[in-house]
Each structure stands twice: as C-alpha cells, then as structure tokens.
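# Structural characterization, general
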Amino acid sequence: METKNTNHLHGINKLIVIVLGCIVKVWGRTLRMSFAPDHRKMASNSEKPTVCILWHNRLFVAAEFQRRFRRKRKTYGLVSASKDGAWLADFLEQLGQSSVRGSQNHRGKEALREMVNVIKDGNDLAITPDGSKGPCYTFKPGALLVAKITKSPVLLVSFEYSNAWQLKSWDKFYIPYPFSKITIHCDRLEQLPDGSAKDLVPEIKERLDDITTE
C-alpha cells in the first residue's frame, strides 16, 4: 500500500535494514514456539480478516508468529509516519509484512481509512495499542475502532519468553535468546461487544493483561 507524505529509507540505510531483516529472519527460525493449552485454535483461525493486538515490547517475534500460524492472510502493521517509523516500516517489509503509516499526531484520519481498507481487502491488521511511544501498556482505542467499523474478529496475542534480553527502552522491549522457548498466549473475540471503542478499552486491556506474563 503506497502512502503519501511519509518518510522512507534510501541508500545505505535501506541496505542496513535488509541485512538486519535477514539476521532476524534466521533468528526467528531458531525459536521454539508452543501454545498455552487450547490457544492454538484461536491463533490459527484465519476464516476472517482479523485485527491482531499485542503490546509493543512483544514485537520482535510477531512476524515469525504470523509466518508460522497466520500465513493464509497478508499482515499489515500500523507504523508511525516519522523518520523513526521509516526504519520500522522497511524492517517489517524485510520480514514479509506491509505497513500503514500514521499516528494520532500525523496522518491519523488517513491511517484509519487505510486500516479499514486493509481489513476490507481481506488482510490481517496488527496493532500495538501502546505504540509508538507509549507509555508502556497504555491501551489506545484505535485498534478497537477499526474492529468496530469493519465488524472483524479481534485476536489478542502475548509471548512468554523462557530467556530474553530486556532493553532499557520506554517499553522494556524483549529480545528472546536464539533457540529459546516461547509460549504463545491468545484470547479471541469474534465480534466486539456493544459500546464505543473508547468505552471498551478497560475490558479489552484487562483481557490482554490477563494473557501477558512478565
């Protein structure tokens, strides 16, 4: 999906991202992923385009999760239209995912329309409700608004790491050790309850928190 008025990488920066993408793809293949009891069916259900929601600090293995268990549908992620976002958008492209560029402060309305179209075109949409700058574990309603408009299922996903580095970033980002074990926790709503997206935030956040293990 081509997005106007956004920043993009060129030259040596593009090459750096290509190399990093190759490293992370190989890294991801070494991880031993398994599901919490009865959670695999929720994760692999690809009958309908789905809004997938996870916390920002679990992003490292999100593309590998999609590749293994939701490969029937192409995945788009919401990425900031800023210069920093250009790095992430190009990085996701190397991992086989596309991006919708925008945030609350820039291209917000355009990004909302594009995310709705992503779902209507039969694709999955992956959103971190506390991205792109937090605060950590703060649930913004954008993902729920898209799900309400499109009447699409919502898949909540979290990853529990047996061994991982944790960065000193705003979100305390997790990077699992190569060959380590990851337990996948899921929750799924075939359709959101009645109410506005903003009003549903406490309930959906609680459900995502319930499957999140530090």
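Our subject is the structure that appears above.
In this convention, every chain numbers its residues from 1, walking through the sequence in written order. At least 70 in pLDDT is required for a residue's local features to be given in this predicted model, at least 80 for side-chain atom pairs to be given and counted, and no such filter applies to totals for whole chains, interfaces and linings, which use all residues. Side-chain numbers here rest on the full set of heavy atoms in the structure, without hydrogens or water.

A few words on the overall build of the chain. Put simply, DSSP H or I for four residues or longer makes a helix, DSSP E for two residues or longer makes a strand, and each gets a number counted from the N terminus. When you go through the chain residue by residue, the secondary structure sums to seven helices and nine strands. For the radius of gyration, the atom set is restricted to C-alpha positions; the globular benchmark scales as 2.2 Å times the number of residues to the power 0.38. Relative to the compact-globule value of 17 Å for 214 residues, the chain shows a C-alpha radius of gyration of 16 Å, a close match. Dimensions of the chain, computed from the C-alpha atoms along their principal axes, are close to 50 × 45 × 35 Å. Note on exposure labels: buried denotes an accessible area under 20% of the residue type's maximum, exposed denotes more than 50%, and partly exposed covers the range between, all computed with a 1.4 Å probe on protein chains only. Counting across all 214 residues of the chain, residues that qualify as buried make up 50%. Note on contacts: a residue pair qualifies if any of its non-hydrogen atoms lie within 4.5 Å across the two residues. Sequence-distant contacts, at least 24 apart, represent 76% of the contacts inside the chain between residues at least 6 apart. Only the protein chains shown count as cover for residues, and all accessible areas are computed by the Shrake-Rupley method using a 1.4 Å probe. Summed over all atoms, the accessible surface of the chain reaches about 11,100 Å², with 53% contributed by carbon and sulfur. All tallies of charge rest on Lys and Arg as positive and Asp and Glu as negative; His and the ends of each chain are not included. Just so you know, the charge point we use is NZ for Lys, CZ for Arg, CG for Asp and CD for Glu. The chain carries 33 positive and 23 negative side-chain charges, and their two centres are separated by 5 Å.

The subject of this paragraph is the side chain of Thr50. Mapping Thr50 onto the fold places it in the loop between α2 (40-44) and β2 (51-53). Among the residues examined, Thr50 registers a relative accessible area of 0% and is labelled buried. Residues adjacent in sequence count toward polar contacts only when both atoms are side-chain atoms; beyond that, a polar contact is any pair of N or O atoms within 3.5 Å, and within protein one must be able to donate a hydrogen and the other to accept it. Polar contacts involving the side chain of Thr50 include one to the side chain of Arg70, which spans 3.3 Å. In this structure Thr50 touches Asn45, Arg70, Ile119, Asn123, Asp124, Leu125, Pro153, Val154, Leu155 and Arg188, once residues within four positions along its chain are discounted.

The next subject is the packing of helix α5 (residues 108-120) against helix α6 (residues 142-150). Between α5 and α6, the shortest axis-to-axis distance is 10 Å and the interhelical angle comes to 50 degrees. The pairing of α5 with α6 is recorded here as oblique in orientation. Like other packed secondary-structure pairs, α5 and α6 cross with a definite hand, here right-handed. When α5 is examined against α6, the residues Leu112, Met115, Val116 and Ile119 are found in contact with a partner set consisting of Leu145, Val146, Ile149 and Thr150. Asp, Glu, Lys and Arg are counted as charged, while Ala, Val, Leu, Ile, Met, Phe, Trp, Tyr, Cys and Pro are counted as nonpolar; the rest, among them Gly, fall into the polar class. Here the contact of α5 with α6 is built from residues that sort into seven nonpolar, one polar and no charged. In this description, a line fitted to the C-alpha atoms serves as the axis of each element, helices being fitted only across the stretch in contact, and the angle between N-to-C directions of two axes falls anywhere from 0 to 180 degrees. Roughly parallel refers to an angle under 35 degrees, roughly antiparallel to one over 145, roughly perpendicular to one between 65 and 115, and oblique to any angle outside these ranges. For any helix crossing, the convention is left-handed if the near helix is rotated counterclockwise from the far helix by under a right angle, and right-handed if that rotation is clockwise.

Quick look at the packing of aromatic side chains now. Working definition: a ring pair exists when centres of Phe, Tyr or Trp rings (six-membered ring for Trp) sit within 6.5 Å. Plane angles under 30 degrees give stacked, over 60 give edge-to-face, the rest tilted. For the structure on display, the rule yields nine aromatic pairs. Centre to centre, the rings of Trp55 and Phe139 are 6.0 Å apart; their planes meet at 80 degrees, and the pair counts as edge-to-face. Remark: Phe139 occurs in the loop between β5 (124-127) and α6 and Trp55 occurs in the loop between β2 and α3 (62-69); sequence separation between them is 84 residues. The residues Trp55 and Phe139 share a single accessibility class, namely buried. On the numbers, 5.3 Å between centres and 25 degrees between planes, the contact of Tyr161 with Tyr174 is stacked. Of the two residues, Tyr161 is situated in strand β6 (residues 154-161) and Tyr174 in strand β8 (residues 174-176); the sequence distance between them amounts to 13 residues. For the pair shown, Tyr161 and Tyr174 are each scored as buried. Taken together, the ring pairs connect Trp27, Phe60, Trp165 and Tyr177 into an aromatic cluster. By definition here, charges over rings are those cases where NZ of Lys or CZ of Arg is within 6 Å of the ring centre and within 35 degrees of the ring normal. Cation over ring: Lys74 sits above Tyr76, and NZ or CZ is 6.0 Å from the ring centre.

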